[in-house]
Amino acid sequence: MRQDYHPLAWLAWATAAAVVALMTLNPLYLILLGLAVLASYRVISLRSPTARQWGAFLKAGLLIWAITIPFNALMSHYGRYVLFRLPADWPLVGGAITLEAVAYGFARGLSLVLLLMIFATFNSAVDTARLLRRMPAFLYLAGMITSIALAFVPQMISALQEIREAQRVRGHRFRTIRDLLPLIMPLLTTGLERAMQLAESMEARGFGGSAASISRLLDYTLKGMTLAGLLAVLAGLFARSYWSRQAWIGILLTAGGLLLMAAAFWVQGRRVRRTRYRHDLWLSRDTLMVASSAAAAAGILIARALNRAALFYYPYPPYSVWPTFDWRLGLLYALFMAPAWLLPSARTAQPDQYPLPREPL
Amino acid sequence: MHRGTPAWGNHGRRLGGLLLICLLALSAVFAGALPAQANGPNRAGLVVRFGNGSVWSGCITFSEPQITGLELLRRSGLSLIIEEGGVYGGAVCKIGSDGCDFPYTSCFCQCEGADCLYWAYYHWQNGAWQYSNVGAGNYWVRPGDVEGWAWGSGTYGVNGALPPAVTFDQVCPPPATNTPTPLPTATWTPTPLSTSTPTRTPTPTSGPASIEFWADRTEIPAGQCLNLGWRVRNVQAVYLNDQGVVGEEVRQVCPTSDTTYVLRVVTLEGEEFRRIDVRVLPATATPSATATSASGASRLPTIPPATAAAPALPPTGTPTPPALTSTATHTPAALVMVGSLPPTTPPPPAAAVPQPTPPAPNTPKVWARAGEAPAPRGAATPTASPAEAPGPHWGEYGVFAGVASLLAALAAWAVRRQSA
């Protein structure tokens, strides 16, 4: 029995959490959501080999948050609650430092950190290769390229760490910019070597030769249909935002473009036959995770639809710096902790049938 | 594990110190470039043209050597909604009743695509309005400047609606030397009309304050409109239902329910109130076509109310009150022009300029009862400003602390359960 969740369940959780995080600036709800996501992240990082890399990513986010608060406080001198004043003849930063500006910087930075945290959790939990297997058959080329691109950054980070450790063992110390050269050169070399290796292995496995051949005319027709569909969608989106009075033109164009593209993709997809070796199992805890995420997101959306002021927060006058809090909404945010609780505990868990590669000690 | 790179930390600290020094040096340079503090209060003019053509203008006093354009607007006392931003320094979403209710809508909610309505921002330079190249939060207003805002259509960043042309002396007339005017900072004189001849007449503001406030009807059928008019002289500020207004205006209002209009006038002695109660009767089958046609005609500022007061022929036989078309709603741009007459000429006779008052004898007008404070009716009282700050919700924060600590405990437990 596997010890994690289905990639699609993770996708549902991350989408719901991100939507909810973007919907409010109220710091109280954001703190609760942050606690829930943090618990999920900690639990996942105990099992995931890639979590360490995302830890550095999160630290960068926290640093940005720490900069946002004083930056906003120094730049925006508006509000009822004046904490203290800087001399007025200081350019840009001079003037009143207000509680409102601090609160706004805090809330904005927190929502940014939350998004990073959701992203980090998703990426540590989901194997990108497993997610890419979900791609439609006709996109096999794009899927391949995406998987290489997605693997690029983690691979580079781990290569960088290896090189740094190797250089440290040799007594190399980093003092100035010039000391970076012994770090960058091996990084470039290993990167190129890896790319060559990948290309050779793909060719050896017959990449690109699996699709059934079609006539040149059909090939061009399909490509033309895709291009026309993309252009129609683009024009439709543009028309919708530019001529907002005649929204139907844009909607019509977008829908037509999507239909054209769907038709082209359907024909393309019939050319490719794929077989699967390992199937992802959908377990009851995946259902529970999707259900709890969906319930939380739906509840929050409904609360917002019923009362627009429920989630609303904007510290500057004429609105209030003091956020409101409704415990029922707060408990909905707590539902995003589900991934931390649905896994079997470490004591009772059976060893993984296909153990994940552990970090070398 | 051996942490072998302390040098990085030192390096970063050194770099940070260098940055700080650069910033300090830069601020010192900028601070030196500022003009020396002038003696006396500094003044700058502000002209705001609303979507219905009415114009607010005021003279704003500040003690700083210079303030941002946004700060000048804030000190006008007009009701504002501003999107606070970090670097670009804030965007004006709404002034008075024109604009967008940020953040419920986007700040430029009526400026998305082809038909773009927004608050255009101008500086009065070399005898003309110059479209501002920078946002109001990044523009420094110096004493003697005049800033303009206008709601209307245009292309964002290129052009927009124009405020009426005024000069600094029209908005901020030079104070008479013999009258001590105890102006606190951040007050505004509502309109140049109140001091139309500032230098010739020695005591322009020392005369008795005169306040006139009237309506052409106090009972209207639902869906119709009425005209409110006021003229004040020798006062400091005028507010209609707590919104800053010009000193002389006839405004068409279309209340949908019973409404009380309160004119709050700030004089040198204190505050005075005039109020008019308007009752809205249930809708009748009266065709209200005149209400719409009147609005176009009433824009002509040259029609004195005395001549326009002849009852317009209603298209149907219904006894429509003639007042709808009678009093010309003056475009207040013209009102500002009244004040723009050069101070050397004596005040022109009343016939030369459109004067909404004295009221024409044959128009039915309801005058406000004088000296009566408005009924204490919640937000309608002028003292209870609509932007009153609610305090912290301590009860809710107690509940939040409970929920948050519960969640934190659950999180810690979940992590322990997995790491065992």
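Residues numbered from 1 in each chain as written. Chains lettered and ligands numbered in written order. Predicted model: local features only at pLDDT ≥ 70, side-chain atom pairs only at ≥ 80, totals over all residues.

Now for unusual backbone geometry. All names here are of chain B. Its identity is not glycine, yet Asn126 carries a phi of approximately 55 degrees, on the positive side. Topologically, Asn126 is positioned in the loop between strand E7 (117-125) and strand E8 (128-131). Classification of Asn126 as exposed rests on a count of 6 C-beta atoms within 10 Å. (Helix = DSSP H or I, 4+ residues; strand = E, 2+ residues; numbered from the N terminus. Buried ≥ 20, exposed ≤ 12 C-beta atoms within 10 Å, placed from the backbone.)

This next bit is on the sheet that holds strand E5 (residues 91-95) of chain B. All names here are of chain B. Reading across from one edge, E4-E5-E6 is the order of the three strands in this open sheet, with antiparallel pairing throughout. At either end of the open sheet lies a strand with only one pairing partner, and these are strand E4 (80-83) and strand E6 (98-99). As defined by bridge partners, E5 adjoins E6 across two bridges and the pair is classed as antiparallel. Residue pairing across strands places Lys94 opposite Gly99, the latter belonging to E6. (Pairing = 2+ DSSP bridges.)

We now examine the packing of helix H1 (residues 7-23) of chain A against helix H10 (residues 284-306) of chain A. In helix packing, the relevant descriptors are the interaxial angle and the interaxial distance, both defined with respect to the helix axes. Residues and elements named next belong to chain A. The contact between H1 and H10 brings their axes to 9 Å, and the two run at 20 degrees. On the basis of the axis angle, H1 is roughly parallel to H10. Crossing handedness for the pair H1 and H10: left-handed. Contacts between H1 and H10 involve Ala9, Ala12, Trp13, Ala16, Val19, Val20 and Met23 from the first element and Asp286, Met289, Val290, Ser293, Ala294, Ala296, Ala297, Ile300 and Arg304 from the second. For the contact of H1 with H10, the class distribution of residues is 13 nonpolar, one polar and two charged. (Axes fitted to C-alpha atoms, helices over the stretch in contact; angles between N-to-C directions. Parallel < 35°, antiparallel > 145°, perpendicular 65-115°, else oblique. Left-handed = near helix turned anticlockwise from the far one by under 90°. Contact = placed C-beta atoms within 7 Å. Nonpolar A, V, L, I, M, F, W, Y, C, P; charged D, E, K, R; others polar.)

On to the confidence of the model for chain B. Residue and element names in this part refer to chain B. Confidence in the prediction of chain B, expressed as mean pLDDT, is 65, and 53% of residues score 70 or more. When mean pLDDT is taken per element in chain B, helix H8 (residues 394-419) scores highest with 92 and helix H7 (residues 332-339) scores lowest with 33. pLDDT under 50 marks residues 27-38. Its contacts with residues more than four places away, or in other chains, come to twelve contacts. In this model residues 369-387 is a low-confidence stretch, pLDDT under 50, and it forms 27 contacts with partners more than four residues away in sequence or in other chains. Prediction confidence for the complex, expressed as pTM and ipTM, is 0.57 and 0.75 respectively. (pLDDT = per-residue confidence, 0-100.)

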